Amino acid sequence: MCGIAGFSLTPNSKVKTRQLANAMLTAIEDRGYMASGFAYSHDGAMGYHSAPQPGSSLPLKFLPRKARTVILHTRLATHGSVHDNRNNHPVISPDGNIALVHNGVIYNHHDV
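Residues numbered from 1 in each chain as written. Predicted model: local features only at pLDDT ≥ 70, side-chain atom pairs only at ≥ 80, totals over all residues. Heavy atoms only, no water.

This brings us to the sheet that holds strand 4 (residues 69-75). Backbone hydrogen bonds are what pair the strands of a sheet, in a parallel or an antiparallel way. What the four strands build is an open sheet, ordered 1-4-2-3; its pairing is antiparallel. Every other strand in the sheet has two partners, leaving strand 1 (2-8) and strand 3 (45-51) as the edge strands with one partner each. Each neighbouring strand pair of the sheet contributes to a mean axis angle of 10°, computed without reference to strand direction. Note that strand 1 and strand 4 share seven bridges and pair antiparallel. If you follow C2 over to strand 4, its bridge partner there is R75. Most of the contacts of helix 1 (residues 17-28) go to strand 1, to which it runs at about 155°, and overall it touches strand 1, strand 2 (35-42) and strand 4. (Pairing = 2+ DSSP bridges. Helix = DSSP H or I, 4+ residues; strand = E, 2+ residues; numbered from the N terminus. Axes fitted to C-alpha atoms, helices over the stretch in contact; angles between N-to-C directions. Contact = heavy atoms within 4.5 Å.)

Turning to the packing of aromatic side chains, a few remarks are in order. Using the criterion set out here, one finds one aromatic pair in the structure. Consider the rings of F38 and Y40, whose centres lie 6.4 Å apart with planes at 35°: the pair is tilted. (Phe/Tyr/Trp six-rings, centres within 6.5 Å; stacked < 30°, edge-to-face > 60°.)

Core analysis: the biggest nonpolar cluster contains 15 residues, and F38, L63, V70 and L72 have the highest contact counts within it. With three residues, helix 1 is the largest single contributor of residues to this core. Those residues within four positions of V70 in sequence are excluded, and the remaining contacts are A5, G6, F7, T17, F38, A39, Y40 and L63. (Core = buried A, V, L, I, M, F, W, Y, C linked by side-chain atoms within 4.5 Å. Buried < 20%, exposed > 50% of the residue type's maximum accessible area, 1.4 Å probe, protein only.)

This part covers unusual backbone geometry. A positive phi angle, close to 50°, is found at D43, a residue other than glycine. Since its relative accessible area comes to 72%, D43 is described here as exposed.

Here we come to a nonpolar patch on the surface. Together, V91, I98 and L100 make up an exposed nonpolar region whose accessible area comes to about 230 Å². Within the secondary structure, I98 sits in the loop between strand 5 (91-92) and strand 6 (99-100). (Patch = residues over 30% accessible without salt bridge, like charges linked within 9 Å, V, L, I, M, F, W, Y side chains within 5 Å. Areas by Shrake-Rupley, 256 points an atom, 1.4 Å probe, with all protein chains shown as cover. Salt bridge = Lys/Arg side-chain N within 4 Å of Asp/Glu carboxyl O.)

Right, let's talk about the confidence of the model for the protein for a bit. Scored by pLDDT, the protein has a mean of 89; 96% of the residues are at 70 or more. Here strand 5 stands out as the element of the protein with the lowest mean pLDDT, 84, in contrast to helix 1, whose mean of 97 is the highest. (pLDDT = per-residue confidence, 0-100.)

Written out as structure tokens, the structure reads:
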């Protein structure tokens, strides 16, 4: 099982990005508590962070306060160790321009 969430805020939104991200990660933690992560788009750049820890305790210092587009993920490890961060989400494309999260095992991941 995995938990997937995300949001996209308008430029003039008063919502606090880190507070919302924490609330959503905590809400989906029951779908997976072994690893968590996020990716964001901010000022034309993309960034991400993941770690082998529950979403409710994932440090959000790497998430810019003014980021407006964010995807979030929590993971229950069914395939691959959470201690190898390459197994945790978000998954980033080789050129660093695409971040994605998914639910389930991708058995042909080497081909993809």
